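Spelled out from the first residue to the last, the chains are:
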Amino acid sequence: MDLAALKTQLKNFVQSMFEEGVLDNQFSQIQALQDSTNPNFVEEVITLFCNDAERIINEINRNLGYQNVDFSNLDSYVHQLKGSSSSIGANRLKLACANLRQASDERNKEGCLQALQLITCEYCLLRRKFQALLHLERSIVELETNQK
Amino acid sequence: MVMAASETKFHVLAVDDTLIDRKLIEKLLKTSSYQVTAVDSGTKALEFLGLHNNDHQDVEVNLIITDYCMPGMTGYDLLRKIKESSSFKDIPVVIMSSDNIPSRINRCLEGGAEEFFLKPVQLSDVNKLRPHLMKRTQTNVNKRKAMDEIVSPDRTRARYNELEVN
């Protein structure tokens, strides 16, 4: 596939993520920051985000596994995940965090477990899409490098 | 881009405990042609300032931008320590937060912060830093805006319209 076609494919793919509400404008801001001095910026940010999100989701999972849930600890993790989601533009994941925050505020363990399921769902969807996005990005970079 | 020998970049110290936010703010600042040092805690920020003040007179920090919510020393705690120090009180401090809490914003501005940015911080926010840096090069300027005339960044003004009522 030629470079222009790949770029269009990437653009359309990201656009669909905006339309589905999976990503918001913050992600565009991140894309705009990628330049020749930092050509892998988007990939680096996505990688950082995914590692962090997985770590936090695992911690939340672990916390909810205890009989006596430490809700203030949980609160802190949700805050972190919501913050990271917001920073990368992961809109639906950020909204899913609000659910967990609510359930945690209410000390509602069952509600927290349900909210966590939604978070996990949204995260898995996002990660799949990010992987597809990065695959496209890498193909573009490869083509551009070969053309130089 | 080659800087003229006589031009020195402003040096910003960025403080944030979150890795992704640190990466973002660093990139935003570098894109705006600032020299950046990024640390992950208020304690490390103070260490950096203290160390360089004593040992290297030529390494200067021109502005500090810090997250509010950090374990241990919050951004507000850091702000107060800076403003209470004779060596560093004139360094402009900007606070970032993901929470839109008017009482928090007011507290920070009254505590001496020049600006309060809502996260995620954008390039348009970073563009607002330059006037605070330029001011320092003037002598004898009263930097403190009158408290009843809190000139909020446009984004916080817009956010004020959707006030959180606790």
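Residues numbered from 1 in each chain as written. Chains lettered and ligands numbered in written order. Predicted model: local features only at pLDDT ≥ 70, side-chain atom pairs only at ≥ 80, totals over all residues. Heavy atoms only, no water.

So, about the overall build of chain A. A count of helices and strands for chain A gives 6 helices and 0 strands. When the elements of chain A are put in sequence order from the N terminus, they spell out α-α-α-α-α-α. When its C-alpha atoms are laid out on the principal axes, chain A stretches across 60 × 25 × 20 Å. Classification of the 148 residues of chain A by burial places 44% in the buried group. Put simply, of all contacts in chain A between residues at least 6 apart along the chain, 69% involve residues at least 24 apart. Total accessible area computed for chain A in this model is approximately 7700 Å², and 47% of it derives from carbon and sulfur atoms. (Helix = DSSP H or I, 4+ residues; strand = E, 2+ residues; numbered from the N terminus. Buried < 20%, exposed > 50% of the residue type's maximum accessible area, 1.4 Å probe, protein only. Contact = heavy atoms within 4.5 Å. Areas by Shrake-Rupley, 256 points an atom, 1.4 Å probe, with all protein chains shown as cover.)

Per the UniProt annotation, the sites labelled "domain: HPt" (unreviewed entry) are residues 38-133 of chain A. End-to-end, the C-alpha atoms of residues 38-133 of chain A are 18 Å apart, and along that stretch the chain is 86% helix and 0% strand. (UniProt positions renumbered as here; feature names shortened; annotations may be inferred.)

Among the residues of helix 3 (residues 75-83) of chain B, G75(B), Y76(B), L78(B), L79(B), I82(B) and K83(B) are the ones counted as buried. With its buried residues spanning 160° around the axis, helix 3 of chain B presents them on a single face. (Arc of directions from axis to C-beta.)

What follows is about the nonpolar core. Formed by 65 residues in total, the largest nonpolar core has its most connected members in F49(A), I88(A), F130(A), L29(B) and I65(B). Ranked by residues supplied to this core, first place goes to helix 6 (residues 109-147) of chain A with 12 residues. Every residue in contact with F49(A), bar those within four places of it in the chain, is listed here: S84(A), S85(A), I88(A), A90(A), L93(A), Y123(A), L126(A), F130(A) and I20(B). Y68(B), M70(B), L78(B) and F116(B) belong to the second largest nonpolar core, which has 25 residues in total. (Core = buried A, V, L, I, M, F, W, Y, C linked by side-chain atoms within 4.5 Å.)

On to the packing of aromatic side chains, then. Counted according to the given criterion, the structure contains 2 aromatic pairs over all chains. A centroid spacing of 5.9 Å and a plane angle of 35° characterise the contact between F27(A) and F130(A), whose relative ring orientation is tilted. One end of the pair, F27(A), is in helix 2 (residues 25-33); the other, F130(A), is in helix 6, and 103 residues separate them in sequence. Taking the relative accessible area as the measure of exposure, F130(A) reaches 1% and is therefore buried. Cation over ring: K27(B) sits above F41(A), and NZ or CZ is 5.8 Å from the ring centre. (Phe/Tyr/Trp six-rings, centres within 6.5 Å; stacked < 30°, edge-to-face > 60°. Lys NZ or Arg CZ within 6 Å of the ring centre and 35° of its normal.)

Turning our eyes to something else, we now look at the UniProt feature "modified residue: 4-aspartylphosphate" (unreviewed entry) in chain B. All names here are of chain B. If you check UniProt for "modified residue: 4-aspartylphosphate" (unreviewed entry), the listed places come out as D67 in our numbering. Among the structural elements, D67 can be located in strand 3 (residues 63-67). Judged by its relative accessible area of 4%, D67 falls in the buried class. Excluding its chain neighbours within four sequence positions, the residues that come into contact with D67 are V15, D16, D17, G75, M96, S97 and K119.

Attention now moves to the pattern of salt bridges. Under the criterion given, the structure shown has 20 salt bridges over all chains. D52(A) serves as the salt-bridge partner of R55(A), at 3.0 Å between the closest nitrogen and oxygen. Taken as a pair, R55(A) and D52(A) lie in helix 3 (residues 41-65) at a separation of 3 residues, close to a single helical turn. Classification of R55(A) by relative accessible area gives partly exposed; the value is 38%. Judged by its relative accessible area of 16%, D52(A) is buried. The salt bridge involving K128(B) is made with D125(B); its shortest N-O contact spans 3.8 Å. Take K128(B): its relative accessible area is 22%, and that puts it in the partly exposed class. Look at D125(B) and you get buried, because its relative accessible area is 1%. A cluster of three or more residues bridged by salt bridges with shared partners is formed by D16(B), D21(B), D67(B) and K119(B). (Salt bridge = Lys/Arg side-chain N within 4 Å of Asp/Glu carboxyl O.)

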